[in-house]
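Coordinates in review
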Amino acid sequence: MRAPGRLAYVCADAGIPPDGAKGASVHFRELGRALVREGYDVQAVTRRPPTGAWNDFPLRAVGGGGRGVPDPLVRELAELTDQRGLAEALTECGPVQAVYERYSLWGLSGLRHARALGVPFFLEVNAPLWEEAERYRALALGAPARAVARELFRRASRVLVVSAPLRDRIIAEGAEPDRVIVFPNGVAPAFLEDTAPADVPTALRGRFILTFVGSLKPWHGIEMLLDAVLALPTSLNVGLWVVGDGPEAPRVDEAARLHPDRVVRTASVPHEQVPSVLRASDATVAPYTSSSPTYFCPLKVVEAFAAGVPLLASAVPAVQRLDLRGLTLGTFQPGSRSSFRCALERLLADPTAARASADHNRSVARGRFTWDQRARELGALLEDGAPLSTVGAA
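Residues numbered from 1 in each chain as written. Predicted model: local features only at pLDDT ≥ 70, side-chain atom pairs only at ≥ 80, totals over all residues. Heavy atoms only, no water.

**As for the confidence of the model for the protein chain**
Scored by pLDDT, the protein chain has a mean of 92; 96% of the residues are at 70 or more. In this model residues 389–394 is a low-confidence stretch, pLDDT under 50, and it forms 15 contacts with partners more than four residues away in sequence or in other chains. (pLDDT = per-residue confidence, 0-100. Contact = heavy atoms within 4.5 Å.)

**Remarks on the packing of aromatic side chains**
Scanning all chains against the criterion turns up 12 aromatic pairs. Look at Tyr288 and Phe296: their rings are 5.0 Å apart centre to centre, the planes differ by 70°, and that puts the pair in the edge-to-face class. On the basis of relative accessibility, which here comes to 3%, the residue Tyr288 falls in the buried class. Residue classification places Phe296 among the buried positions, given a relative accessible area of 12%. Where Phe332 meets Phe340, the ring centres are 5.3 Å apart and the plane angle is 85°; that geometry is what we call edge-to-face. Given a relative accessible area of 1%, Phe332 falls into the buried group. (Phe/Tyr/Trp six-rings, centres within 6.5 Å; stacked < 30°, edge-to-face > 60°. Buried < 20%, exposed > 50% of the residue type's maximum accessible area, 1.4 Å probe, protein only.)

**Overview of the side chain of Gln43**
Take Gln43: it is sitting in strand β2 (residues 41–46). A residue is classified by how much of its surface remains accessible, and Gln43, at 7% relative accessible area, is buried. At 2.8 Å, the side chain of Gln43 and the side chain of Asp41 are in polar contact. Excluding residues within four positions of it along the chain, Gln43 makes contact with Arg6, Leu7, Ala8, Tyr9, Pro58, Arg60 and Cys93. (Helix = DSSP H or I, 4+ residues; strand = E, 2+ residues; numbered from the N terminus. Polar contact = N/O pair within 3.5 Å; in protein donor to acceptor, adjacent residues only side chain to side chain.)

**Details of the sheet that holds strand β13 (residues 330–332)**
Across the sheet, which stays open at both edges, the 6 strands sit in the order β10-β9-β8-β11-β12-β13 with parallel pairing between neighbours. A strand with exactly one partner marks an edge of an open sheet, and here the two such strands are β10 (263–266) and β13. Strand-to-strand twist in this sheet, taken as the mean axis angle between neighbours without regard to direction, amounts to 25°. The pairing of strand β8 (residues 208–213) with strand β9 (residues 238–243) spans 6 bridges and is classified as parallel. Bridging across to β9, Leu210 finds its partner in Leu240. Along the sheet, helix α13 (residues 337–349) makes contact with β8, β9, β11 (283–286), β12 (311–314) and β13, crossing β13 at roughly 165°. (Pairing = 2+ DSSP bridges. Axes fitted to C-alpha atoms, helices over the stretch in contact; angles between N-to-C directions.)

**Regarding the environment of Ala249**
Mapped onto the elements, Ala249 comes out in helix α9 (residues 249–258). In the structure, Ala249 is positioned 113 residues away from Arg362 in sequence and 30 Å away in space, judged by C-alpha atoms. Residue contacts for Ala249: discarding those within four places in its chain leaves Leu216 and Arg265.

**A look at α9**
Listed as buried for α9 are Ala249, Val252, Ala255 and Ala256. All buried residues of α9 project into a common sector of 125° when viewed along the axis, lining one side. Opposite the buried face of α9, at more than 90 degrees from it, the exposed residues are Pro250 and Arg257. In this structure, the buried side of α9 is in contact with α8 (222–230), β9 and β10. (Arc of directions from axis to C-beta.)

What follows is the structure in structure tokens.
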């Protein structure tokens, strides 16, 4: 077996700080750390610099790319054409065994660099970004963005996607099926350690504490969750602790103002502290709405398994299509307060059994959902020596 070598690790998305708290940042950072633990010399190239001290692995942040430009067309043209800094930083990485890039709308430098060196190019895809940009933001150059994506999908040695539905989407965009591999999210080592629980909010002490941890986006289901918890009879003695920030924060804050003994929101915490928050809870909830994407990999669910905390999750496709063999969770219909209440009452009826199931989930997650496992799987693909695709090559 060939010894681990040097990898160029690229994130050309200027919206992803490598040391940030959102899921994309966590994914980038934790996979890089796991590759280092596997013995790889990881040389990272990013658009966005770290917001603080960075000691994980060598990182070159090149800036540029139109970040902050309000006009969508001007911004997208800058991102499409401003590839020089990325190319120069990749050259500074020196000889590499492979180039591994997180897919971004206009990121072509990694593929070009891999072709110049004649080494494999691995593309990690977390979402159909051209579609998300059109749906949630302004995208002036929709057709060129999709064309860039198709070029990357067709030329990559391997395309690693976070879910089976996303694999289907990428194949439909022209990727060769045998080159597309499901590569789901993992969990950081901190979720597998016996960290001390965090201090729970004073107002909720003595209650059954249900937590929501994460960004407060509309499709994360916080509106239904608030309504459902506040509709519960006081005899159930349930309190809701929301840890996070985002567009739905004012809604949570208003509920906390009106019901201070039942709802508390605290700001986002560093990702390393999330296991302690989860372990301070009696259960956690992932109430995704029916409008949530079908193709994402629900990090909240995976992290709850690894932390050993009872979990309630809406039965959306992204949850149902996880590898749930041997795992137990309470599910409810998305958007349904009555279905949520039934799932919660089943958990409350036998908390000892719920805890035992959560402990079992944690042992299963140790062998299935870690970034170290993802790094080993990537190492096996690198050992396989997949060549660059010649599909469509001039």
